[in-house]
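Examining the three-dimensional arrangement
What follows is the residue order along each chain.
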Amino acid sequence: MTATVDRSAGTTAVRPFTIDVPEADLEDLRARLAATRWPDKETVADQTQGPQLATVQALTRYWLEEYDWRRCEARINASPHFRTELDGLDIHFIHVRSKHEDALPLVVCHGWPGSIVEQLKIIEPLTNPTAHGGSASDAFHVVIPSMPGYGYSGKPTTTGWGPDRIGRAYVQLMRRLGYQEFVAAGGDWGAIVVDLMAAAAPTGLRGIHTNMACVFPPEIDTAPRHRPTRARRSLLGGTDGLRPAGLLLQARLLRLLHG
């Protein structure tokens, strides 16, 4: 897929960006979908052997015959897109300023295997809350970056682009856009990014919102992360009195220790 980018300025510049996928790319995708060589049907009547053949064929048929990329492309391009170089890598992002000048700048971090498309629906309510039953004090200036290697952001050619480095890049992005104070929100992998942003406590970050909280008691967080002994298992305790969330955390910790 391709896009139109203004590259006339230097590496610190914020460059306008427009998505324009060639029709030949879409035709090639349809041809490859149509040429799929299907495996034999599963030997059971449920999903114990994985996704069922009929389900995968129906999904492929949808992408081949029904999905309208041009409609999606137009929806994405309805928001202003940009790219800028951060820590040596081009980062793509949406940037929509609220009409309310006192709006709070917000960087929204998508997860894996997600994209900025997931956040398109929140732009209007966040930037224009008065049109959705809110007040001007509820307004945000919204920045939605594509994670490195995702969408139209650059693909790292070396290791090291973990969530901590991504968080630092997003802080740099917000400052480059002129926001000296801002908040951050994220889910899935983006939740880890904003957690580490908060842990680093950069100047100007006023708070974070996560929809995937990862909270561990200190004695468990510092336990050796390898096959558990009886003593390490005892740190987790029994299941008596644990709430459902605690039971889920216990199961995850056991998998972590075994892994």
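Because the structure is a prediction, the values reported are computed rather than measured.

**Regarding the environment of V143**
By secondary structure assignment, the location of V143 is in strand 6 (residues 140-145). Under the relative-accessibility criterion, V143 is labelled buried at 0%. C-alpha of V143 to C-alpha of L173: the two residues are 30 residues apart in sequence and 9.1 Å apart in space. V143 has contacts with F93, I94, H95, L106, V107, V108, L173, M174, L177 and Y179, leaving out every residue within four places of it along the chain.

**Some thoughts on the pattern of salt bridges**
Any two side chains of opposite charge can pair, on the condition that their charged atoms come close. All told, the structure shown has 11 salt bridges when counted by the stated rule. Linking R83 and D90 is a salt bridge whose minimum nitrogen-to-oxygen distance equals 3.8 Å. Of the two residues, R83 and D90, both sit in the buried class. Here R165 ties to D87 by a salt bridge, and the two come within 2.7 Å at their closest N and O atoms. Taken together, the positions of R165 in helix 5 (residues 163-176) and D87 in the loop between strand 3 (81-86) and strand 4 (89-96) put the pair 78 residues apart, joining distant regions of the chain. Each member of the salt-bridge network shares a partner with another, and the members are E23, R30, R70 and E73.

**Observations concerning unusual backbone geometry**
For the bond from W112 to P113, the omega torsion is -5 degrees, close enough to zero to count as cis. Its location among the elements puts P113 in the loop between strand 5 (104-109) and helix 4 (120-127). In this structure, D188 takes a positive phi of about 55 degrees despite not being glycine. Among the structural elements, D188 can be located in the loop between strand 7 (182-186) and helix 6 (189-200). Backbone geometry places A201, a non-glycine residue, at a positive phi of 50 degrees.

**Thoughts on helix 4**
Buried residues of helix 4: L120, I123, L126 and T127, and no others. Looking straight down helix 4, one finds that the buried residues subtend no more than 115 degrees of arc, so they occupy a single side. Here the buried face of helix 4 lies against helix 3 (69-77), strand 4, strand 5 and strand 6.

Cut-off values and rules
Residues numbered from 1 in each chain as written. Predicted model: local features only at pLDDT ≥ 70, side-chain atom pairs only at ≥ 80, totals over all residues. Heavy atoms only, no water. Helix = DSSP H or I, 4+ residues; strand = E, 2+ residues; numbered from the N terminus. Buried < 20%, exposed > 50% of the residue type's maximum accessible area, 1.4 Å probe, protein only. Contact = heavy atoms within 4.5 Å. Salt bridge = Lys/Arg side-chain N within 4 Å of Asp/Glu carboxyl O. Arc of directions from axis to C-beta.

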